[in-house]
Amino acid sequence: MRVVLVSPEMAIPQLGEPMCGANFRGGLGLLAGDIAECLNNEGSITTVCIVPFHGTHWLSRASISYEGTLARLWGLLPEREGREPKIPVWVIHRGRCDIYGVSVPGVLYTGDRRERLSQEVLLGHILPVILKGRSSQPPDILWLNEGHTVVALARMRDDDWFKSTRFLFTTHTARPEGRERFPADWFEDLGISPSFRPIFMKDGCMDFTAAAMTLAHGVTAVSKEHADVTKEMFPEHRTKITGIRNGLSPSLWQSPSLTALDGNVPYSVLTEAQEAAKAVLIELIERKTGIRLNPRKALGGLVRRVAWYKNQLPMLAPIIEAVCAERGEVISTPFGNLEGLGLQVFIAGVAHEDDGRCQEWTRDFEQWMERPQLKGRFVYVRDYTFELLQLGPQGCELWPSCSLPGDEACGQSDQRATLNGNVNVATKTGGAMEYIKEVDPESGEGNGCFIEPYGPLTLYEKLKLLSNLYHATLSNGDPRWARIRMNSLESSNMLDGKHMVNQYKTVFASLQGGST
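Rules used throughout
Residues numbered from 1 in each chain as written. Predicted model: local features only at pLDDT ≥ 70, side-chain atom pairs only at ≥ 80, totals over all residues. Heavy atoms only, no water. Helix = DSSP H or I, 4+ residues; strand = E, 2+ residues; numbered from the N terminus. Rg over C-alpha atoms; globule rule 2.2 N^0.38 Å. Contact = heavy atoms within 4.5 Å. Areas by Shrake-Rupley, 256 points an atom, 1.4 Å probe, with all protein chains shown as cover. Lys, Arg positive; Asp, Glu negative; His and termini not counted. Charge placed at Lys NZ, Arg CZ, Asp CG, Glu CD. Core = buried A, V, L, I, M, F, W, Y, C linked by side-chain atoms within 4.5 Å. Buried < 20%, exposed > 50% of the residue type's maximum accessible area, 1.4 Å probe, protein only. Phe/Tyr/Trp six-rings, centres within 6.5 Å; stacked < 30°, edge-to-face > 60°. Lys NZ or Arg CZ within 6 Å of the ring centre and 35° of its normal. Expected span 1.5 Å × (residues − 1). Pairing = 2+ DSSP bridges. Axes fitted to C-alpha atoms, helices over the stretch in contact; angles between N-to-C directions. Disulfide = S-S within 2.5 Å. Polar contact = N/O pair within 3.5 Å; in protein donor to acceptor, adjacent residues only side chain to side chain. Parallel < 35°, antiparallel > 145°, perpendicular 65-115°, else oblique. Nonpolar A, V, L, I, M, F, W, Y, C, P; charged D, E, K, R; others polar.

Outline the overall build of the chain, listing residues and values.
Check the secondary structure of the chain and you find 18 helices and 20 strands. What you see for the chain is a C-alpha radius of gyration of 23 Å, in line with the 24 Å of a compact globule of 516 residues. In the chain, of all internal contacts separated by at least 6 residues, the share reaching a separation of at least 24 is 71%. Looking at the chain as shown, the accessible area adds up to about 19300 Å², and 50% of this sits on carbon and sulfur atoms. The centroid of the 54 positive side-chain charges in the chain is displaced by 2 Å from the centroid of its 61 negative side-chain charges.

Can you tell me about the nonpolar core, naming the residues and giving the values?
F346 and F378 are the most contacted members of the largest nonpolar core, which has 73 residues in total. Broken down by element, the residue count for this core peaks at 6 residues, all from helix 16 (residues 456–476). Excluding residues within four positions of it along the chain, F378 makes contact with I291, I320, C324, V345, I347, F365, W368 and M369. In this structure, V91, A152, W186 and A212 belong to the second largest nonpolar core, which totals 50 residues.

Please set out the packing of aromatic side chains residue by residue, giving values where relevant.
With the rule as written, the count across this model stands at 20 aromatic pairs. Three or more aromatic residues link up through ring pairs in this structure, and these residues are F182, W186, F187, F200 and F208. Here the basic side chain of R114 rests over the ring of W186, its NZ or CZ set 3.9 Å away from the ring centre. It is R416 that lies over the ring of W253; its NZ or CZ is 4.6 Å from the centre.

Help me get a handle on helix 16, residues and values and all.
In this model helix 16 runs 30 Å from its N-terminal to its C-terminal C-alpha over 21 residues, within 8% of the 30 Å that 1.5 Å per residue would give. Where helix 16 is concerned, the buried positions are P456, T458, L459, Y460, K462, L463, L466, S467, L469, Y470, H471 and A472. Just beyond helix 16, the residue with positive phi is G477, at close to 75°.

Could you give an account of helix 2 (residues 27–40), naming the residues involved and the relevant values?
Its 14 residues place the ends of helix 2 20 Å apart at the C-alpha level, agreeing with the 20 Å of an ideal helix rising 1.5 Å per residue. With respect to burial, helix 2 is a largely interior element, 13 of its 14 residues being buried.

Give me the lowdown on the sheet that holds strand 5 (residues 97–104), citing residues and values where you can.
Spatially, the 9 strands line up as an open sheet ordered 3-4-5-2-1-6-7-11-12, and their pairing is mixed. The open sheet has two free edges, formed respectively by strand 3 (72–78) and strand 12 (241–243), since each of these has just one partner strand. Strand-to-strand twist across the sheet, computed as the mean angle between neighbouring axes with direction ignored, equals 25°. Relative to strand 11 (residues 218–221), strand 7 (residues 166–170) runs parallel, the two being bridged by 3 bridges. The partner of F169 across the bridge, within strand 11, is V219. This element, helix 7 (residues 224–233), spans strand 11 and strand 12 of the sheet and lies at about 160° to strand 12.

Outline the state of the cysteines, listing residues and values.
By definition, a disulfide is the covalent link that joins the sulfur atoms of two cysteine residues. For the structure shown, the criterion picks out 0 disulfides. Sulfur of C324: no disulfide; nearest cysteine sulfur belongs to C396 and is 12 Å away. Given a relative accessible area of 0%, C324 falls into the buried group. Of all cysteine sulfurs in the structure, the one in C402 sits closest to C358, which takes part in no disulfide; the separation is 12 Å.

Requested: an account of the side chain of N487, with residues and values cited.
Within the element layout of this structure, N487 appears in helix 17 (residues 480–491). At 3.3 Å, the side chain of N487 and the backbone oxygen of G444 are in polar contact. Residues within four places of N487 in sequence aside, it is in contact with G444, E445, G446 and N447.

Would you mind going over the sheet that holds strand 10 (residues 205–207) in detail, with residue names and values included?
Pairing between sheet strands relies on hydrogen bonds along the backbone, with the strands arranged either parallel or antiparallel. Strand order across the open sheet formed by 3 strands is 8-10-9, with antiparallel pairing between neighbours. Only two strands of the sheet have a single neighbouring strand rather than two, namely strand 8 (181–183) and strand 9 (201–202). Pairing of strand 8 with strand 10, which is carried by 3 bridges, proceeds in the antiparallel orientation. What sits directly across from F182, in strand 10, is M206.

Give me the lowdown on the pairing of strand 18 (residues 398–401), citing residues and values where you can.
Remark: a regular strand shows side chains that alternate across the two faces of the sheet. Of the two faces of strand 18, the one carrying L398 and P400 and the one carrying W399 and S401 are both buried. Two strands pair when backbone bridges link them, and strand 18 and strand 19 (residues 423–426) are joined in this way by 4 bridges, in the parallel orientation. When the sheet's bridge partners are listed, W399 is paired in strand 19 with N424.

Lay out the packing of helix 2 against helix 18 (residues 497–512) with the relevant residues and their values.
Taken N-terminus to C-terminus, the directions of helix 2 and helix 18 make an angle of 80°; their axes are 9 Å apart at the nearest point. When the axes of helix 2 and helix 18 are compared, the pair comes out roughly perpendicular. Of the residues in helix 18, those in contact with L31, I35, C38 and L39 of helix 2 are G497, K498, M500 and V501. When the residues that make up the contact of helix 2 with helix 18 are grouped by side-chain class, the tally is 6 nonpolar, 1 polar and 1 charged.

I'd like a rundown of the pairing of strand 1 (residues 2–6), residues and numbers included.
Burial analysis of strand 1 places 4 of its 5 residues in the buried class, the great majority of the element. Bridge count between strand 1 and strand 2 (residues 46–54): 5 bridges; the pairing is parallel. Paired with R2 across the two strands is T46, which belongs to strand 2. Here 4 bridges tie strand 1 to strand 6 (residues 141–145), and the two strands are oriented parallel to one another. Looking at strand 6, one finds that L5 is bridged to W143.

In structure tokens:
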């Protein structure tokens, strides 16, 4: 089976930095990289990926060149049919998978809507040219991710060369920020047939997500809960929509010493792997901030985009001093006096440059580091790199995820923590509902905790429960903490991307047997 995966972002570690970082900003880019890695191991599928290669880094604003990387120039293509070939297209080999990178000017997810549209139109028109240029046969499955790719979908639905291709569309978020909408009078900029206009129009504007759902033969969401939410949002497409929880590539995210043992991991090795990763993480944090955390104290980590629905600051602000205070201290909070938990907290991530509210949150985080009660106990890194995304879940004993209920379509950083036997404290939403089992503090059964009822005080109480179990192990060898961590590691098998790929293979087969 020939599958082409199209995504507006993808983390490609083989490019090196800063090229890799220029081309992903969040969970979709990481997931796309995981899918490419997992499909490599699927012998019955030949995979090609097509993604943008941006010319400017979204965070540093530095110019990016792909010369001298493992990518090679595949050719120069016209941005539209009949125009001069001048758009560089690169190719990089990732195992058995070829990844084609279309040179796109500007930054990933630019806030300039006209520029954003022109980037997506460029990708949409060049994509079918790449596919025709690299093979005499069309793909069996064209798998498009997010509405940013819908121009390509329209172009190929209007081209007889692709008449045997089945189109799958995956939506990754229910949040309005992830749904591409543009003014209706910009339709001509798409460069597609006027016959598509009614498909693109919804509620007085162009809605790329709605158009993609109409044009695709099948639609997937990224967890069971997300599928239910998507069906409510798009009831006219509910029969097309299937929920498949995202998975991970262990080779990318798990500590190598754990991966090498192929599931037969004693607790001593799990502890050694976590402590080694934590030491490297602490050194990295010190290089970036000048603050050295204590390797002998438990560390809670949050490495993710700073976004309003992820709700980091509102959930932490009322309790952060109590969480970081020494055990035995009593801290006055909006919830009354709370006991210190003796934890350290590490946050990394950035807000979108046009998100004023969350930009303010990041400034607040920086100010927290100077507060006497938090100095040396709380640290914020204004960065979002592949290295931080790997080391954080590998090295932090505790992993809070506090997105608003119903707003996290799947969640991936919590999966990376589970893959390394660390313990989640998560909102009961998205993919977490499918694999986290609430800890029983008496027996040590379970692998994590839910923030339910949702709120800062519950987050504090769950961190307190886990902190007490952690310190009981240190003080008298209590086995419950070790049991919880081993439960976490053992449950990670269901997060292996091979299971996700197997479910998608079923969807692919169903699409190939369906109607147009």
